[in-house]
Amino acid sequence: MLAKLKISAGLFHTANGTAFADLMIDGHRETWPIRSTWFRVWLRHWYFEATGAAPGAGAIGSALDLLEARAQFDGPLLETYVRVAEYDGRVYLVLADELWRAVEIGPGGWQVITAPPVRFRRAAGMLPLPMPMRGGSIEALSSFLNLPDRNDFILVVTWLLAALRHGGPYPLLAVSGEQGAAKTVLSKVLRALVDPSVAPVRTAPRDERDLFIAANNGHLLAFDNLSDFPWWISDALCRLSSGGQLRGSPTLYRSG
C-alpha cells in the first residue's frame with residue numbers, strides 16, 4: 001500500500017513543517033494536509049478499494065507517520081495558499097470547485113486551468129467561486145450595492161481589485177451608515193465576490209489569537225457590528241494588512 005502511495009501522492013512540506021500530499025483524483029490534483037481528517041478518510045477508502053478490507057487504526061497511524069516523515073524529510077519545501085497566489089508574473093485565483101480549478105491571470109488575459117503551478121489548500125468553510133465568463137462590465141455591480149454616490153462605487157471597486165492581489169499591503173474597507181442601510185448585505189456581497197465562505201461575516205474576535213487563526217484560514221475577513229475598536233484589534237488589523245507576522249489579508253468591517 002505504501003509503495004503505491006509513494007507513486008500516486010506527491011509529498012511536500014511547508015516552512016512551518018506541515019506535511020502535505022498532492023493526490024490525483026478523477027484526473028485532477030487535490031492538495032491536503034496529511035494529518036487532516038479528509039486525507040485519513042481518503043487513505044481508508046483507498047485501502048478498502050485495493051484490498052476489500054478495512055485497515056486497523058494501527059495500520060492507518062503507521063501509514064500517516066511514514067507519509068508525514070517522507071514529506072518532511074524527503075519532500076520539497078513549498079508554500080501553500082488559500083485563495084490567491086502569484087507565480088512567475090501571473091496571478092492565480094482558485095475557484096475551489098470540485099475539480100480544483102483556478103483562474104490564471106497574466107499580461108495577455110485570463111484562462112481557467114486545472115493544474116496551477118502553485119499549491120492551494122482548502123480551508124474549512126470555503127465555498128466555490130462561479131465559473132468566470134468573458135464580457136460584461138463592472139458597472140453591472142452597482143445595482144447590487146446600496147451606495148450613495150459614484151465616488152463610493154469607485155472606492156469599492158478599487159478595494160475589490162486590491163483584495164485580489166496576492167500580497168499586501170491591503171487596504172481596510174470600513175462600511176458605515178444608518179441602521180437598515182444594508183451594511184451587512186454589502187459586506188456579504190463583497191466577500192462573496194472574492195472569497196465566499198459559509199460564514200461570510202463574523203463578530204469581533206475575542207483575542208488576537210482568534211483573529212490570526214481566522215486570517216490563516218481565509219483570504220478575506222469581514223467583521224460585523226464593530227461599534228468601537230479596542231486598541232489591540234486596531235494594531236492587529238494593521239499588522240495583517242501590511243503582512244506583519246502573518247501574510248496580509250484584505251479586511252472589511254461593518255460598524256454600527
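Residues numbered from 1 in each chain as written. Predicted model: local features only at pLDDT ≥ 70, side-chain atom pairs only at ≥ 80, totals over all residues. Heavy atoms only, no water.

**Remarks on the environment of Ser 137**
At step 1: The residue Ser 137 is located in the loop between strand 9 (119–120) and helix 4 (150–163) in this model.
At step 2: For Ser 137 and Tyr 87, which are 50 residues apart along the polypeptide, the C-alpha to C-alpha distance reads 27 Å. (Helix = DSSP H or I, 4+ residues; strand = E, 2+ residues; numbered from the N terminus.)

**What about the packing of helix 4 against helix 5 (residues 183–194)?**
At step 1: Orientation of helix 4 relative to helix 5, taken along the N-to-C sense of each, is 35°, at an axis distance of 10 Å. Crossing hand, helix 4 versus helix 5: right-handed. Of the residues in helix 5, those touching helix 4 at Val 156, Trp 159, Leu 160 and Ala 163 are Leu 190, Leu 193 and Val 194.
At step 2: A breakdown of the residues in the contact of helix 4 with helix 5 according to their chemical character gives 7 nonpolar, no polar and no charged. (Axes fitted to C-alpha atoms, helices over the stretch in contact; angles between N-to-C directions. Left-handed = near helix turned anticlockwise from the far one by under 90°. Contact = heavy atoms within 4.5 Å. Nonpolar A, V, L, I, M, F, W, Y, C, P; charged D, E, K, R; others polar.)

**Details of the pairing of strand 5 (residues 84–87)**
At step 1: Relative to strand 6 (residues 90–94), strand 5 runs antiparallel, the two sharing 4 bridges. Bridging from a neighbouring strand, Glu 86 pairs with Val 91 of strand 6.
At step 2: Connecting strand 5 to the antiparallel partner strand 6 that follows it, the hairpin turn spans 2 residues, and Asp 88 within it adopts a positive phi of roughly 55°. (Pairing = 2+ DSSP bridges.)

From the geometry alone we can't say anything about function, so treat these as descriptive.
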